[in-house]
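For reference, the chains in residue letters:
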2 protein chains.
Amino acid sequence: MELLKERIRKDGKVRSGNVLKVDSFLNHQMDITLFEEIGKEFKRRFSDCSITKILTIESSGIGIACIAAQSFGVPVVFAKKNTTKNIDGAVFSAQIESFTHGRVYNVVVAREYLSPNDNILIIDDFLANGKALIGLEQIVKKSGASLAGAGIVIEKGFQNGGKELREAGMRIESLAVIKSMSEDGKIEFE
Amino acid sequence: MELLKERIRKDGKVRSGNVLKVDSFLNHQMDITLFEEIGKEFKRRFSDCSITKILTIESSGIGIACIAAQSFGVPVVFAKKNTTKNIDGAVFSAQIESFTHGRVYNVVVAREYLSPNDNILIIDDFLANGKALIGLEQIVKKSGASLAGAGIVIEKGFQNGGKELREAGMRIESLAVIKSMSEDGKIEFE
């Protein structure tokens, strides 16, 4: 998606430890006009699928998932990173290791919001080592729902998550795949 | 907003400890069609203000804020509950006591996303004791931006947050204000 790649080249900042900072438009400040184009592109790529629900994970996937949901005409469910007293009853859960936060956490989705009748599209902002996707896929499997695939805004192609998950059979559509990036600000796409 | 009140009456569940569970359409599963109507209603109520940016707080405010932002034609910034290695540099911060989670946490917004030129609309899903709004107002004040007001989806009118903040001069537009609720499921609106 050229518009997105241009924006990453213009406003993305490379930090040490293979961190790509896109806080100014994607996951702290959010450019909703760009999100609308991202949503339309996900719909175009998954136009062959009858999606019934979008699944994402808090927090930075939520905005993109909600805007994309308008193109699909479906509700969004977001996996929560902690059980709170507002989620009672049974949940589907998985453990996810966070690259950004450097720790393992539990994510949960209330059982009532995923069912064997659902065909799920996962949406997230980043794909790097794939741990979040693996956790969300586990939750979908536990629910008995079908998984149509995953729509990712930025994939770090130089990490192995996307490659391993595609080889395992997951359909992944990434709108920008980074081949390499360096701290002098140079970002190359596949 | 009658559509919202009907939905709360139909799908809201009252739990012990004055918890109103609206997980099925507002803050776990999200009904995007309803969010669009909520966004239009916020725009109608704040049509006299030239909003430049919407400020919300992770996680459950993000979806509503993003959809509402389409009506206002502005970007969204969400306050983060933990500093991560993806937020470097200086931040505006505040401490907020969470009713839902029963603990105090730090929230931050990167300095570059709020400026004295901004006229901010805060959007959040719930207003109860007002702690989140107070924290977000502190962040806006620290940035030098103007605060146009706060748009709230559900206000618990039987708690004091909204009353105290309005008396202190904050403009608050709540789309559904709950007068009372009981565990047999009865919900009354103001």
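Everything quoted here is computed from the prediction, not taken from an experiment.

What counts, and where the lines are drawn
Residues numbered from 1 in each chain as written. Chains lettered and ligands numbered in written order. Predicted model: local features only at pLDDT ≥ 70, side-chain atom pairs only at ≥ 80, totals over all residues. Heavy atoms only, no water. Helix = DSSP H or I, 4+ residues; strand = E, 2+ residues; numbered from the N terminus. Rg over C-alpha atoms; globule rule 2.2 N^0.38 Å. Buried < 20%, exposed > 50% of the residue type's maximum accessible area, 1.4 Å probe, protein only. Areas by Shrake-Rupley, 256 points an atom, 1.4 Å probe, with all protein chains shown as cover. Lys, Arg positive; Asp, Glu negative; His and termini not counted. Charge placed at Lys NZ, Arg CZ, Asp CG, Glu CD. Salt bridge = Lys/Arg side-chain N within 4 Å of Asp/Glu carboxyl O. Axes fitted to C-alpha atoms, helices over the stretch in contact; angles between N-to-C directions. Parallel < 35°, antiparallel > 145°, perpendicular 65-115°, else oblique. Contact = heavy atoms within 4.5 Å. Nonpolar A, V, L, I, M, F, W, Y, C, P; charged D, E, K, R; others polar. Least-squares fit on C-alpha atoms with pLDDT ≥ 70 in both. Pairing = 2+ DSSP bridges. Left-handed = near helix turned anticlockwise from the far one by under 90°. pLDDT = per-residue confidence, 0-100. Core = buried A, V, L, I, M, F, W, Y, C linked by side-chain atoms within 4.5 Å. Buried area = accessible area lost by both parts, 1.4 Å probe. Polar contact = N/O pair within 3.5 Å; in protein donor to acceptor, adjacent residues only side chain to side chain.

Novice: Explain the overall build of chain A here, please?
Specialist: The secondary structure content of chain A amounts to six helices and eleven strands. Computed over the C-alpha atoms, the radius of gyration of chain A is 16 Å, within 12% of the 16 Å expected from 2.2 N^0.38 for a compact globule of 190 residues. For chain A, the spread of C-alpha atoms along the three principal axes comes to 50 × 35 × 35 Å. Burial status across chain A gives 59% buried among its 190 residues. Total accessible area on chain A is roughly 7,600 Å²; 43% of this is exposed by carbon and sulfur atoms. Each charge class in chain A can be summarised by its mean position, and for the 26 positive and 25 negative side chains these summaries are 2 Å apart.

Novice: I keep staring at the pattern of salt bridges and nothing clicks. Help me out?
Specialist: Charged atoms that come close allow side chains of opposite charge to pair. All names here are of chain A. Taken as a whole and assessed by the stated rule, the structure comprises 31 salt bridges over all chains. Residue Lys40 pairs with Glu37 through a salt bridge whose shortest N-O separation is 3.2 Å. With Lys40 and Glu37 both in helix α3 (residues 32-45) and three residues apart, the pair spans about one turn of that helix. For Glu173, the salt bridge is made with Arg171, and the minimal N-O distance between the two is 3.6 Å.

Novice: What am I meant to see in the packing of helix α1 (residues 2-11) of chain B against helix α3 (residues 32-45) of chain B here?
Specialist: The description of two helices packed together rests on the angle between their axes and the distance between the axes. Residues and elements named next belong to chain B. Direction vectors running N to C along α1 and α3 enclose 140°, while the axes themselves pass 10 Å from each other. Between α1 and α3, the angle falls in the class oblique. Across from Leu3, Leu4 and Arg7 in α1, the residues of α3 making contact are Leu34, Glu37 and Ile38. Residues that form the contact of α1 with α3 fall into these classes: four nonpolar, no polar and two charged.

Novice: It is not clear to me how the relation of the copies chain B and chain A should be interpreted in this structure. Could you clarify?
Specialist: Look at the two chain copies: a rotation about an axis and a shift along it is all it takes to match them. For the pair chain B and chain A, the superposition axis carries a translation of 0.0 Å, the fit reaches an RMSD of 0.0 Å, and the rotation angle comes to 180°. The relationship between the two copies is best expressed as a two-fold rotation axis. In this assembly, 100% of the residues forming the interface of chain B have copies in chain A that are likewise at the interface, indicating an isologous arrangement.

Novice: Sorry if this is basic, but what is going on with the sheet that holds strand β4 (residues 53-57) of chain A here?
Specialist: Within a beta sheet, neighbouring strands are joined by backbone hydrogen bonds and run either parallel or antiparallel to one another. Strand order in the open sheet formed by seven strands is β11(A)-β10(A)-β9(A)-β8(A)-β4(A)-β5(A)-β3(B), with mixed pairing between adjacent strands. Since the sheet does not close on itself, it has two edges, and those belong to β11 (187-189) of chain A together with β3 (29-30) of chain B, each with one partner. Sheet topology places strand β9 (residues 146-156) of chain A next to strand β10 (residues 172-181) of chain A; six bridges connect them, and they run parallel. Counted as the bridge partner of Ile154 of chain A is Ala176 of chain A from β10 of chain A. The strands that α3 of chain A touches are β8 (119-127), β9 and β10 of chain A; relative to β10 of chain A, the one it contacts most, it runs at about 115°. Across the sheet, helix α5 (residues 131-143) of chain A is in contact with β4, β5 (76-79), β8, β9 and β10 of chain A; its angle to β8 of chain A comes to roughly 165°.

Novice: Teacher, can you tell me more about the packing of helix α4 (residues 62-72) of chain A against helix α4 (residues 62-72) of chain B here?
Specialist: It is at 8 Å that the axes of α4 of chain A and α4 of chain B come closest, and there the two elements cross at 50°. When the axes of α4 of chain A and α4 of chain B are compared, the pair comes out oblique. In this structure, α4 of chain A meets α4 of chain B at a crossing whose hand is right-handed. In this structure, α4 of chain A contributes Ile62, Gly63, Cys66, Ile67 and Gln70 of chain A to the contact, and α4 of chain B contributes Ile62, Gly63, Cys66, Ile67 and Gln70 of chain B. The class makeup of the residues in the contact of α4 of chain A with α4 of chain B is six nonpolar, four polar and no charged.

Novice: Teacher, can you tell me more about the environment of Phe46 of chain B here?
Specialist: All names here are of chain B. Its place among the elements puts Phe46 in the loop between α3 and β4 (53-57). Note on Phe46: relative accessible area 0%, which makes it buried. C-alpha of Phe46 to C-alpha of Leu136: the two residues are 90 residues apart in sequence and 18 Å apart in space.

Novice: Explanation requested: the confidence of the model for chain A in the structure shown.
Specialist: Caution is warranted with low-pLDDT regions, since their predicted coordinates should not be read in detail. Looking at chain A, the pLDDT average stands at 94 and 95% of residues meet or exceed 70. Interface confidence for the predicted complex, given as ipTM, is 0.95, next to a pTM of 0.95.

Novice: Can you walk me through the nonpolar core in this structure?
Specialist: Note that soluble globular proteins tend to have their nonpolar side chains buried in a common cluster. Ile38 of chain A together with Ile38 of chain B are the most contacted members of the largest nonpolar core, which totals 82 residues. Ignoring sequence-local partners within four residues, the contact set of Ile38 of chain A consists of Met1, Leu4, Leu26, Ile64, Val153 and Leu175 of chain A. If you look at the next biggest cluster of nonpolar residues, it comprises 27 residues, including Val140, Ala145, Ile152 and Met170 of chain A.

Novice: Teacher, can you tell me more about the interface of chain B and chain A here?
Specialist: Every contact between the two is made by 40 residues of chain B and, on the other side, 40 residues of chain A. Carbon and sulfur atoms make up 54% of the surface buried where chain B meets chain A, a total of about 3,700 Å² over both sides. Close ionic contact of Lys21 of chain B with Glu112 of chain A constitutes a salt bridge, the shortest N to O distance being 3.9 Å. On the surface where chain B and chain A come into contact, there are 18 residue pairs in polar contact (both at pLDDT 80 or more). Contributions of two or more residues to the side of chain B that touches chain A are made by β1 (13-15), β2 (19-21), α2 (23-27), β3, α3, α4, β5 (76-79) and β7 (103-110) of chain B. Considered class by class, the residues forming the side of chain B that touches chain A number 18 nonpolar, eleven polar and eleven charged. Strand direction decides the pairing type here: strand β3 (residues 29-30) of chain A and β5 of chain B, joined by two bridges, are antiparallel. Bridge pairing in β5 of chain B places Gln29 of chain A opposite Val77 of chain B.

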